[in-house]
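Residue-level listing of the chains:
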Amino acid sequence: MIVKSKPFPQIRAEERSSLVMLDTAIALIPPFFMAVFYYGIRSLALGALTVLAALVTNWISSLFNGRGIEWWDASPVVTGMIIALMMPASIPFYIPMLAAVFAIFVVKFPYGGTGNNVFNPAAAGLAFVTICFGTQLSGYPTPLEPLSLVVDETVKLVQGPAAILKMGAIPTISTEQLALGNFAGPMGTTNILVIAACLVYLLVRKNVKWYVPAAYLGTVCVFASRIHHEDIGAMESIILELVAGSLMFVAVYMLTEPVTLPKRPMAKIFYAVTAGIVTMLFRYYGAVHYSAVFALLLTNAFSPLFDHLVERGNLIELMERRADHEEDE
Amino acid sequence: MMDFLAVFAAAMAAENLFFARAFDSYGLRELTREPKRILVFGGLTTAVLATAGPIAYGVNRLIAGSSMYYYINGLAHLLILVLLFAAAYLLLQKYAPKVFDLIGQYLPYAAINCGTLGSLLLVAKDPDINTVWRALAYHCGAGVGFTLAMLLLWSLNRRLSSCNAGKSFRGFPLQLITAGLIALALVGLTGNQLPA
Amino acid sequence: MKKMSKRNYYRRFLSVTKGIFLKNPVLTMGFAVPFVVVATTSLQTAVGLSIGLLLTLVPVGLIMPLLMAKIPQDFQWVDYPLCALIAAFFVLPTRVIVGNISPALMDSVGVYFSLLCVSTLLFAARGKTRKEPDLAKVLLELVKIWIGAAMVLLLVGVVREIFGYGTLWGKALPWVKLRFSGVMVSAFGFILLGFVAALGKKIHRTILAAQIWTARNRGPIKEKLIELAHKMREDEEETPEELPKETVEETSKENQGKEQE
């Protein structure tokens with residue numbers, strides 16, 4: 001009888017070790033470089049303040065958890081960086097800080113801190129802030145026009161390509177702009193090539209399994225190739241959908257978070273495909289512009305279900321094989 | 001058909017009875033212990049809604065013009081549910097005792113609760129739902145959405161109990177926060193506070 | 001007369017406030033959640049819904065025991081719909097009373113006001129008071145349940161109004177600079193209620209802990225504390241029905257036994 005010993009999903013492994021966190025934080029630095037290049041030093045200030053807010057909230061809430069202040073816990077740094085990179089560069093400072101506080105205090109602290117969260121904290125923080133300050137989050141500054149630390153009304157804000165696609169129009173972005181990320185959008189999500197390079201880094205460091213973002217992006221491509229505007233072809237539609245909004249960023253950094261991802265490989269693929277389907281549903285029928293983020297939040301809720309189903313499937317297979325073996329004997 | 005499916009899907013996901021409107025919180029504590037209970041209760045709620053929906057639609061059309069509508073609206077819809085419950089209870093007890101043994105204990109709560117009455121009242125209030133077909137679609141979607149919501153929360157129960165949560169958060173508080181975060185995700189579909 | 005020891009004081013406090021701190025209907029039992037989560041978006045709506053709850057709870061709780069005594073055994077299943085119908089009759093005048101508090105109140109509460117007649121709180125009250133013959137005791141139980149629910153409603157209403165609109169009872173608060181409209185969504189209601197439930201649990205656990213620490217017999221305190229801690233841990237995962245009543249009675253029995261020695 002062949003018995004494959006796999007750990008059960010309920011047994012919590014020490015996944016969020018500091019090395020994994022450090023790798024993810026390193027992989028988030030290149031988008032910050034690009035943000036500073038396009039929008040000036042304000043991007044760095046946003047990032048620093050968001051990370052600080054996340055860290056302080058984590059320290060205060062770890063006091064309540066009765067385990068003392070966990071000074072060395074670096075996961076709020078990653079949460080803060082993700083939240084900052086998803087914001088427009090012209091956003092007032094208090095909004096990403098509020099998102100970070102919500103993310104840590106509501107999504108991490110009640111569940112027991114790092115390694116225990118059921119939902120992606122950055123996704124939940126962004127979702128809350130979108131509901132509260134939706135209009136302020138939908139206007140993006142034009143890249144290559146450096147912003148001062150205090151943003152006033154003279155800064156011109158434009159809609160990103162995701163909003164234009166949702167309205168049924170076709171965004172006009174040249175190939176050169178696409179490749180360099182030189183179009184309006186959240187601070188860190190427009191540079192597709194940089195994000196792809198960071199994905200390669202994470203794959204090489206074995207922090208991310210290749211099939212998770214592949215399944216997600218594959219599902220999105222299938223949808224984009226079938227449902228698109230009449231004036232553009234399938235390939236163009238795929239490129240536009242991948243580039244518009246925060247899809248690639250979510251696929252690389254937020255979808256692959258080991259704590260919320262299911263444990264079994266097959267379950268991970270189901271999870272990624274479901275996330276892709278829900279993202280496209282939100283893009284077509286949803287009312288907010290962060291489709292991928294809300295879709296990820298919803299799919300996080302299904303993560304234990306996928307594990308449970310795959311585990312049952314494995315058990316049934318195991319029992320059938322055992323029954324066959326006994327028959328043979 | 002597409003109209004039916006559209007209203008069904010909207011009632012199931014965007015205006016989910018549990019997540020968007022917080023009806024039927026009885027489910028949170030009691031039902032999410034076993035899937036069998038959830039399926040029975042959810043099935044009963046959907047059946048009750050599907051039966052009461054067209055009747056309520058008709059009654060609503062009858063009383064809509066009267067001057068006392070604002071006051072007797074709630075009572076009229078409740079009366080429909082009560083009569084339906086009484087009829088179902090008596091008929092099942094008499095003609096299908098085995099089925100009655102299985103679902104009899106859930107029938108009162110499933111027939112007369114915030115979810116069923118609330119769904120009937122919302123359809124009565126909604127100007128978009130102006131045909132019997134749409135009302136039926138809405139009610140079926142609402143019932144199915146509620147069942148799926150409870151199943152989702154049940155599947156998360158095991159995950160919640162394996163969290164290293166603080167003692168004050170274990171159990172009901174954590175279930176509430178989880179329900180809240182799923183509801184937050186579903187706000188992405190409607191974008192706004194739903195009209196009460 | 002013997003002065004009441006501190007431990008007995010805490011025990012009496014818990015049993016007197018049963019329904020408020022001990023088995024709060026909203027926070028531990030999960031009743032009346034729809035109203036707290038969605039409908040309570042300001043102090044005015046909280047007060048309106050509290051009044052509505054009171055004016056449906058008390059009549060139903062008082063009338064039902066009297067009626068059910070008259071109904072034969074075979075028709076006992078009628079109690080559930082009867083409860084709802086009686087409450088629905090009382091909702092009619094309540095609507096008029098609450099509508100006078102503020103014109104916009106009924107609009108913002110919407111459908112939820114009619115749902116007062118089927119709220120699970122009603123059925124919980126019915127369950128508690130069904131076999132109770134003494135009407136004064138019934139009234140006291142109902143009022144305690146109502147106070148517990150109203151406390152939560154008011155807290156949630158105040159928090160949501162201050163953070164959402166920056167007003168209190170419709171009057172603007174100048175020191176509130178930031179307004180989060182996301183606070184009005186049902187999702188945030190669930191989250192806020194979850195935190196309030198955790199706070200309630202924490203308060204309850206603190207009172208229990210204080211009770212244990214002031215145990216009069218300090219002899220083998222370590223073993224007793226460990227035993228009680230084990231019981232608390234087991235009881236936490238059970239339904240609140242089984243919670244401190246046994247703990248309290250057992251400690252009192254132990255102490256009585258030790259006093260006799």
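It should be noted that the structure appears before, not after, this text.
The structure displayed is predicted, hence computed values, not measured ones.

Closest axis-to-axis distance for the helix H14 (residues 291-328) of chain A/helix H8 (residues 132-161) of chain B pair is 8 Å, and the angle between their directions is 80°. When the axes of H14(A) and H8(B) are compared, the pair comes out roughly perpendicular. Contact residues: H14(A) offers A:Ala301, A:Phe302, A:Pro304, A:Leu305, A:His308 and A:Glu311, while H8(B) offers B:Leu152, B:Trp154, B:Ser155, B:Leu156, B:Arg158 and B:Arg159. Looking at the contact of H14(A) with H8(B), its residues break down into seven nonpolar, two polar and three charged.

A few words on a nonpolar patch on the surface. Residue and element names in this part refer to chain A. A surface patch of nonpolar side chains, about 520 Å² in accessible area, is lined by Leu52, Val56, Ile60, Phe64, Val101 and Phe105. Looking at the nonpolar patch, the elements that each hand over two or more residues are helix H2 (42-64) and helix H4 (94-108). Here the nonpolar patch takes four residues from H2, the largest share from any one element. Look at phenylalanine 105 and you get partly exposed, because its relative accessible area is 31%.

Ranked by internal contacts, the top residues of the largest apolar core, which has 230 residues, are A:Tyr216, A:Tyr253, B:Phe18, B:Phe19, B:Leu78 and C:Leu115. Per-element accounting of this core gives the leading share, 13 residues, to H8(B).

On the chain A side, the residues contacting the 26 residues of chain B number 34 residues. Where chain B abuts chain A, roughly 2,500 Å² becomes buried across the two surfaces, and 71% of that area is made up of carbon and sulfur atoms. Here chain B and chain A share five residue pairs in polar contact (both at pLDDT 80 or more) between them. Contributing elements (two or more residues each) for the side of chain B that touches chain A: H8 and helix H9 (172-190) of chain B. The element contributing the most residues to the side of chain B that touches chain A is H9(B), with 12 residues. Across the side of chain B that touches chain A, the residue classes tally to 16 nonpolar, eight polar and two charged.

Below, the discussion takes up the side chain of A:Thr299. Summarising the element assignment, A:Thr299 is placed in helix H14. Among all residues touching A:Thr299, those that are not within four sequence positions of it are A:Tyr271, A:Thr274, A:Ala275 and A:Val278.

Bringing the packing of aromatic side chains into the picture now. Throughout the structure, instances matching the rule amount to 24 aromatic pairs over all chains. Here the aromatic rings of A:Phe133 and C:Phe180 are separated by 6.0 Å at their centres, their planes lie at 85°, and the arrangement is edge-to-face. Here C:Phe180 lies in the loop between strand S2 (171-172) and helix H8 (186-213) and A:Phe133 lies in the loop between helix H5 (121-132) and helix H6 (134-137), a pairing that spans two chains. Assigned by exposure class, A:Phe133 and C:Phe180 land together as buried. Site record: aromatic cluster; members linked through ring pairs are A:Phe64, A:Phe105, A:Phe109, B:Phe169 and C:Phe195. Of note, A:Arg42 hangs over the ring of A:Phe93, and the distance from its end group to the ring centre comes to 4.5 Å.

This next bit is on the side chain of A:Thr219. Residues and elements named next belong to chain A. Examined against the element boundaries, threonine 219 turns out to sit in helix H10 (residues 211-226). Overall, threonine 219 belongs to the buried group, its relative accessible area being 10%. A polar contact of 2.6 Å, which involves the side chain of threonine 219, links it to the backbone oxygen of alanine 215. Excluding its chain neighbours within four sequence positions, the residues that come into contact with threonine 219 are Val273, Gly276 and Ile277.

Counting residues at the interface gives 51 residues for chain C, matched by 47 residues for chain B. Taken over both partners, the interface formed by chain C and chain B buries close to 4,200 Å², and the fraction arising from carbon and sulfur atoms is 74%. If you sort the residues of chain C by the area they bury against chain B, C:Trp77, C:Tyr80 and C:Phe190 come out on top, with a joint share of 17%. Put simply, chain C and chain B have zero salt bridges between them. Put simply, chain C and chain B have five residue pairs in polar contact (both at pLDDT 80 or more) between them. Looking at the side of chain C that touches chain B, the elements with two or more residues in it are helix H2 (33-39), helix H4 (79-99), helix H5 (105-109), helix H6 (120-129), H8 and helix H9 (221-237) of chain C. The element best represented in the side of chain C that touches chain B is H8(C), accounting for 12 residues. A per-class count over the side of chain C that touches chain B returns 34 nonpolar, 10 polar and seven charged.

Each value, and the rule that gives it
Residues numbered from 1 in each chain as written. Chains lettered and ligands numbered in written order. Predicted model: local features only at pLDDT ≥ 70, side-chain atom pairs only at ≥ 80, totals over all residues. Heavy atoms only, no water. Axes fitted to C-alpha atoms, helices over the stretch in contact; angles between N-to-C directions. Helix = DSSP H or I, 4+ residues; strand = E, 2+ residues; numbered from the N terminus. Parallel < 35°, antiparallel > 145°, perpendicular 65-115°, else oblique. Contact = heavy atoms within 4.5 Å. Nonpolar A, V, L, I, M, F, W, Y, C, P; charged D, E, K, R; others polar. Patch = residues over 30% accessible without salt bridge, like charges linked within 9 Å, V, L, I, M, F, W, Y side chains within 5 Å. Areas by Shrake-Rupley, 256 points an atom, 1.4 Å probe, with all protein chains shown as cover. Salt bridge = Lys/Arg side-chain N within 4 Å of Asp/Glu carboxyl O. Buried < 20%, exposed > 50% of the residue type's maximum accessible area, 1.4 Å probe, protein only. Core = buried A, V, L, I, M, F, W, Y, C linked by side-chain atoms within 4.5 Å. Buried area = accessible area lost by both parts, 1.4 Å probe. Polar contact = N/O pair within 3.5 Å; in protein donor to acceptor, adjacent residues only side chain to side chain. Phe/Tyr/Trp six-rings, centres within 6.5 Å; stacked < 30°, edge-to-face > 60°. Lys NZ or Arg CZ within 6 Å of the ring centre and 35° of its normal.

In short, the description is geometric, and any link to function would need to be established separately.
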